Amino acid sequence: MRALIALFTGLLTILASSGSALAQSLIRDTEIEIMLRDYTDPFLRVAGLEPTDVGLFIIADPSINAFVTGGQNIYMHTGTILEASDPLQIKGVLAHETGHISGAHLARTGEAMNQAAIPMFATLGLGVLAAIAGEGGAAGALMASSQQFGALQFFTYTRTQESAADQAAVRFLEETGTSAAGLMEFFERFRYQEAFSPARRFPYFRTHPLSSARVASLREAVARSPYADQPESPEEIARLERVQAKIYGFMAEPGHVFYRYPESDQSLPARYARSVAYYHDARMDEAREEIESLIEEEPDNPFFFELYGQMLFESGHAEESIQYHQRSVDLMPQAPLLRINLAMSMIAADDDMYLEDAQQHLRVALDIEPDNSFAWYQLSIVHERNGDTARAQLAIAEQSYALGDSGRAMQFASRARPQLEPGTPDWYRASELLAVAQASLPSGGQQRQRRLGFTE
């Protein structure tokens, strides 16, 4: 077993590093999440999966990567979105990752590792026999090559997985009437990565190796597709361009944003990116001018009002930001993050007249996302401001449990329960949290999420 662990040390190190970075860089943004959901959910349905059972997460990282982990969870780097030249390329990648989920490839990786151990241990055994026979040179060569034989077995399996996910992706794309050419274009654009050492490759191509046979097989499958030459709609291309501008505006230094989107470019995506860059560069008057021009052009776009509210809130104008966040909620009432933004501005306005509305918006958001730890924290502030310490402690218990901190959840639930009226829903919830948190000790790792542009 120790030898098997040694065999896959490199692979596990990559996964561990990815998990650590992931825990620190997940972002939330309604506009981006809706776009990716619109891309992904049709593939999940034709794959026989329930979209609400599959998590879709965005990682703030400029490198190209997308992967499946933790069961039915798809993760995508912002770099993959930024580097796509067409929505079909992102759709192709998401269809491929759906192929991994539908094929249960993650669950079968452990089996593949066990199978890889067989040739490794067999080779070690031959080495031992050679040593007993007095063939020291042969024994050393066999033992030294044992891990290589195991690795070859394992990576043969992963290549099979990648090919299977490709074929599944083509089928999902065809069944949704989508061109599979985007997936091929994505691979062709970055085929040069295969010439780099593993350390220099984008993470996606360290875990998704592009063998010649795989690319050839995929190219043939794409050519047979009846939708191969069907382009993406101009509306979807425009949608991707504005999302890319938004991501770049938030993640790049202002100087880089102004270089990529100069003032001479008066397109909507350029003004979107510059509005964020001006704000980050403490040029609030220019930021207001840009975002107001966007609102004038699209007065029913909730994301422009959301951004304006965010700028004002983070600039110390919480009360002024309320009207813009309220407008975003009016335009998209089903979006929990927009309601959380509005509640946060209401709480920060430091006027108790807003507390009842803030509490209502948080409750609606938590009905949609009951595991949103940040919403629970904001609700605890509302309860504390209202003098309701017991419910504030219960909200902190909920926040802690959502973060995976069972010990802290138990601590605050045990404080809250004696102060709550027995038999009430809150009393039962405190009791339930105590029981569930205790059963789950020791707690798992915490997973911190933040919204794009916000610090929690």
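These figures come from a predicted structure and were not determined experimentally.

Cut-offs and rules
- Here, residues in each chain are numbered from 1, in the same order as that chain's written sequence.
- Reporting in this predicted model follows two pLDDT cut-offs: at least 70 for local features of residues, and 80 or more for side-chain atom pairs to be given and counted; totals over whole chains, interfaces and linings ignore these cut-offs and use all residues.
- Based on all heavy atoms of the structure, the side-chain values leave hydrogens and waters out of the count.
- Starting at the N terminus, helices and strands are each numbered in turn, a helix being any DSSP run of H or I of at least four residues and a strand any DSSP run of E of at least two.
- The rule is simple: take the accessible area with a 1.4 Å probe, protein chains only, and divide by the maximum for that residue type; under 20% is buried, over 50% is exposed, in between is partly exposed.
- It only takes one pair of heavy atoms within 4.5 Å for two residues to be counted as in contact.
- Note that accessible areas follow from Shrake-Rupley with a 1.4 Å probe, and for residues the cover is restricted to the protein chains shown.
- One fewer than the residue count of a helix, multiplied by 1.5 Å, yields its expected span.
- Polar contact criterion, stated in full: a pair of N or O atoms within 3.5 Å, where within protein one must be able to donate a hydrogen and the other to accept it, and residues adjacent in sequence count only if both atoms are side-chain atoms.
- At least two DSSP bridges between two strands are needed for those strands to be called paired.
- Axis definition: a line fitted to C-alpha atoms, over the contacting stretch in the case of helices. Angles run 0 to 180 degrees between N-to-C directions.
- Every angle not falling under 35 degrees, over 145, or within 65 to 115 is termed oblique; those three ranges are roughly parallel, roughly antiparallel and roughly perpendicular.
- A crossing counts as left-handed when the near helix is turned anticlockwise from the far one by less than a right angle, and as right-handed when that turn is clockwise.
- Patch membership requires more than 30% relative accessible area and the absence of a salt bridge. Residues of like charge join within 9 Å; the nonpolar side chains Val, Leu, Ile, Met, Phe, Trp and Tyr join within 5 Å.
- Salt bridge, as used here, is a side-chain nitrogen of Lys or Arg placed within 4 Å of a carboxyl oxygen of Asp or Glu.
- Positive charge is attributed to Lys and Arg, negative charge to Asp and Glu, and no charge count is given to His or to the chain ends.
- By convention, the charge on Lys lies at NZ, on Arg at CZ, on Asp at CG and on Glu at CD.

**Student:** Give a detailed account of the overall build of the chain, specifying residues and quantitative values.
**Tutor:** When helices and strands are tallied, the chain shows 22 helices and five strands. Burial statistics for the chain: of 456 residues in total, 50% are counted as buried. Of all intrachain contacts in the chain linking residues separated by at least 6 positions in sequence, the fraction that spans at least 24 positions is 62%. For the chain, the exposed surface amounts to about 20,800 Å²; the carbon and sulfur share of it is 53%.

**Student:** I'd like a description of helix α20 (residues 389-402), backed by residues and values.
**Tutor:** In this model α20 runs 20 Å from its N-terminal to its C-terminal C-alpha over 14 residues, within 8% of the 20 Å that 1.5 Å per residue would give. Among the residues of α20, A390, A392, Q393, L394, A395, I396, A397, E398, Q399 and S400 are the ones counted as buried. Those residues of α20 hidden inside the fold are in contact with α19 (373-385), α21 (406-416) and α22 (425-439). Positive backbone phi, at 85°, marks G404, one or two positions downstream of α20.

**Student:** Before we move on, could you go through the side chain of D405 and cite the residues and values that matter?
**Tutor:** Along the polypeptide, D405 turns up in the loop between α20 and α21. In terms of polar contacts, D405 uses its side chain to reach the backbone amide nitrogen of R408, at 3.2 Å.

**Student:** Give a detailed account of the pairing of strand β4 (residues 73-77), specifying residues and quantitative values.
**Tutor:** β4 sits mainly inside the fold: five of its five residues count as buried. The alternating pattern of β4 places N73, Y75 and H77 and I74 and M76 on opposite faces, both of which are buried. Of the strand pairs in this sheet, strand β2 (residues 55-59) and β4 are connected by five bridges, and their pairing is parallel. What sits directly across from I58, in β4, is M76. Summarising the sheet, strand β3 (residues 66-68) and β4 pair through three bridges and their orientation is antiparallel. Residue pairing across strands places F67 opposite Y75, the latter belonging to β4. Taking the residues that link successive antiparallel strands as the turn, the β3-β4 hairpin has four residues, and the phi of G70 there is positive, at about 65°.

**Student:** Now, about unusual backbone geometry: what can you tell me, with residues and values included?
**Tutor:** Unusually for a residue other than glycine, A282 sits at a positive phi of about 60°. When you line up the elements, A282 lands in the loop between α13 (268-280) and α14 (284-297). The exposure class of A282 is exposed, given its relative accessible area of 69%. Even without glycine at this site, D350 takes up a positive phi of about 60°. By secondary structure assignment, the location of D350 is in the loop between α17 (336-348) and α18 (355-368). A relative accessible area of 62% means that D350 is categorised as exposed.

**Student:** I'd like a description of the packing of α13 against helix α15 (residues 302-314), backed by residues and values.
**Tutor:** Interhelical geometry of α13 versus α15 gives an angle of 15° and a closest axis separation of 11 Å. In terms of their interaxial angle, α13 and α15 are classed as roughly parallel. α13 and α15 meet at a crossing whose hand is left-handed. Contacts between α13 and α15 involve L268, Y272, S275, V276 and Y279 from the first element and F303, F304, L307, Q310, M311 and E314 from the second.

**Student:** Quick rundown of a negative patch on the surface? Include the residues and the values.
**Tutor:** Where like charges cluster on the molecular surface, the negative patch consists of E263, D285, E289 and E292. Here D285 lies in helix α14.

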